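# Survey of secondary and tertiary structure
The lines below spell out each chain.
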Amino acid sequence: MAATIPDPQHGTHAAEPPSDRASRVEAHGIDHIADEERHGHPRQLFSIWAAANVNYLSLVTGGALVLMGLSLWQAVAVIVVGNLFWLLTGLLAISGPAAGAPSEVITRAIYGVLGNRVNNAVVGWMISVCYFALNLAAAATADFSLVEKAGITANTGVQVAVVVVIAALTLAIGVYGHAMITRLYLPITLVLSAVFAVVAVPVLGRADFGYTPAEPLSGVGLWSVLVAGVTLIGSGPLSYTTSADFSRYLPRATSARAVAGWTALGGFVPSVIVCSLGACAATAVDMSDPQTGLEQILPAWFTPVFLLALVLGTIAINALTSYSAGLALQAVGIRIRRTRSVLVDGAAAVSLTLYGLLISNFLDTVSNVLQLTVVLLGPAMAVYATDILLRRNRYDGPALMDETPGSRFWYTAGFNPAGAVALTGGVAAAALCVNTLYTGPVAQVLGGLDLALPVGIVVASVLYTVLTRAFGRVPVRS
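Scope of this entry: the structure provided in the associated data block. Quick caveat: nothing in here was measured; it's all calculated off a predicted structure.

### Describing the environment of Gly221
With respect to the element layout, Gly221 can be found in helix α11 (residues 219-238). The exposure class assigned to Gly221 is partly exposed, which follows from its relative accessible area of 35%. The spacing of Gly221 and Leu449 is 228 residues in sequence and 7.9 Å in space, taken between C-alpha atoms.

### Some remarks on unusual backbone geometry
Even without being a glycine, Tyr411 presents a positive backbone phi close to 55 degrees. Mapped onto the fold, Tyr411 is located in the loop between α17 (397-400) and α18 (417-433). Even without being glycine, Ala413 reaches a positive phi, approximately 55 degrees. Assignment of secondary structure puts Ala413 in the loop between α17 and α18. Overall, the relative accessible area of 55% leaves Ala413 in the exposed class.

### As for the packing of helix α3 (residues 72-83) against α11
With their axes 8 Å apart at the nearest point, α3 and α11 run at an angle of 45 degrees to one another. Classified by the interaxial angle, the pair formed by α3 and α11 is oblique. Read as a crossing pair, α3 and α11 show a hand that is right-handed. Two secondary-structure elements touch here, α3 through Gln74, Val78, Ile79, Val81, Gly82 and Asn83 and α11 through Leu222, Leu226, Gly229, Val230, Ile233, Gly234 and Pro237. Taken together, the residues that form the contact of α3 with α11 break down as eight nonpolar, five polar and no charged.

### Topic: the packing of aromatic side chains
Using the criterion set out here, one finds nine aromatic pairs in the structure. With a centroid separation of 6.1 Å and an interplanar angle of 85 degrees, the aromatic rings of Phe46 and Trp262 are classed as edge-to-face. Here Trp262 lies in helix α12 (residues 256-282) and Phe46 lies in helix α1 (residues 44-51), a separation of 216 residues in the sequence. According to the relative accessible area criterion, Phe46 is partly exposed, its value standing at 26%. When its relative accessible area of 33% is taken as the criterion, Trp262 is described as partly exposed. Consider the rings of Trp49 and Tyr240, whose centres lie 4.8 Å apart with planes at 80 degrees: the pair is edge-to-face.

### Brief notes about a nonpolar patch on the surface
Together, Val118, Val122, Met126 and Phe415 line one region of the surface with nonpolar side chains, adding up to about 320 Å² of accessible area. The residue Met126 is located in helix α8 (residues 113-149) in this model. A residue is classified by how much of its surface remains accessible, and Met126, at 42% relative accessible area, is partly exposed.

### Details of the side chain of Thr170
In this structure, Thr170 sits in helix α9 (residues 156-176). A relative accessible area of 1% places Thr170 in the buried class. Filtering out sequence-adjacent residues up to four positions away, Thr170 remains in contact with Phe132, Ile315, Asn318, Ala319 and Ser322.

### Thoughts on the nonpolar core
Ranked by size, the top nonpolar core spans 135 residues in total, and within it Tyr185, Leu294 and Phe306 carry the most contacts. The leading source of residues in this core is α8, at 14 residues. In this view, Phe306 contacts Leu59, Val195, Phe196, Val199, Leu294 and Leu298; residues no more than four positions away in its chain are not counted. Of all hydrophobic cores here, the second largest spans five residues; its members include Val375, Ala430, Cys433 and Ala452.

### Points about helix α15 (residues 338-356)
For an α-helix, 3.6 residues make a turn, and residues three or four places apart therefore share a direction. If you check α15, its first and last C-alpha atoms are 27 Å apart, about what 19 residues at 1.5 Å a residue would give, namely 27 Å. Taken residue by residue, α15 has Arg338, Thr339, Ser341, Val342, Asp345, Gly346, Ala349, Val350 and Thr353 as its buried positions. Along its buried surface, α15 packs onto α8, α9 and α14 (303-331).

Conventions adopted
Residues numbered from 1 in each chain as written. Predicted model: local features only at pLDDT ≥ 70, side-chain atom pairs only at ≥ 80, totals over all residues. Heavy atoms only, no water. Helix = DSSP H or I, 4+ residues; strand = E, 2+ residues; numbered from the N terminus. Buried < 20%, exposed > 50% of the residue type's maximum accessible area, 1.4 Å probe, protein only. Axes fitted to C-alpha atoms, helices over the stretch in contact; angles between N-to-C directions. Parallel < 35°, antiparallel > 145°, perpendicular 65-115°, else oblique. Left-handed = near helix turned anticlockwise from the far one by under 90°. Contact = heavy atoms within 4.5 Å. Nonpolar A, V, L, I, M, F, W, Y, C, P; charged D, E, K, R; others polar. Phe/Tyr/Trp six-rings, centres within 6.5 Å; stacked < 30°, edge-to-face > 60°. Patch = residues over 30% accessible without salt bridge, like charges linked within 9 Å, V, L, I, M, F, W, Y side chains within 5 Å. Areas by Shrake-Rupley, 256 points an atom, 1.4 Å probe, with all protein chains shown as cover. Salt bridge = Lys/Arg side-chain N within 4 Å of Asp/Glu carboxyl O. Core = buried A, V, L, I, M, F, W, Y, C linked by side-chain atoms within 4.5 Å. Expected span 1.5 Å × (residues − 1).

If you want it as structure tokens, here you go:
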């Protein structure tokens, strides 16, 4: 008997289609979701994004802001501003119900059929696998502590086994797909929220709410750290250029405002809370080694629970990442089933993780990777968001599936010059302004001030708007 769930079109109940049931491996990959298979309510998006953001990495990045030299309230302000980028993630999500397709396919309208394959290879697949590996390394570190507490030496063999087990659990969710994610993420959100509520008690009890560093920053130095902090926090929501992947099963008539709102709130609220908790913890313990520092103030009986929660949170965020990376691999043009593409992504991420665990300073690695990726992710998200606004979110899903030279989205030799130039220009402008693993010439002139994120977003958006209108490619329905 078919399961039933609310239908936002009519306020009644619509049958959950066999192609999207939690008990079955998802049948769809990057293909179009027909109207008769659409179901669900936009509020389900809240728990999907919330579960992915009550995690260890948020604690680490929140604590990093204080370590960078900010006062507690400066750090909290940066956290709020940086997380406003979830509004862009929400905006991108509205294209899912409109097209009945994942982000990896919708962007054919932006870059052209062949150009989009390049976009998916870099923005979609490569960066997703890197994030998967980074989060997997964080979970594995927590699990190594659990193993040690159980009296087992975490030698190389044990570490490899731990990484593989965590990856296997993550990939199982990714393989089962959309319905499994929708079903699991509400209880995961509730469990993680309860655990972090317990963590908050000793953290807030010991936090110095008037904390300022011994030598407060000022002038250009202060602005440099503030902007770098916003970039660090903003890199989280900016990494989700694939939010339509999780909204594409919603009925076409679903309120775009509701889709954007529930997506943005699901990311914003837990991210602000957990990052702020990390910043508060940094005023009480040494967050350069977050796990060890927090264990000093947590009840001994609760430490294993906390470590397990860190692993669960990472599994939640990485399941979304692996799911989207699998779709990206298909969209690159490789003829492979979605289930197998997810496993390929997992194998690549595990390999990167085992290599990354050899790096001595995990915190520096996190900071550098997250800040550098915004050089690409900021412009990519800006171009996508601008396309949605220019087209008024009108996408023809079936037409987007056509990859032949006669396709409406073949453009010029398979590439849309407007999308390609806008993204390239935005990335180039951002690269001139960056100050993380290297210092761009503009950042040097500005005394180290890193404006890569705002400059990349503005340049990419303006270029795409101008070029799209110049080429006359803003159809009423695309």
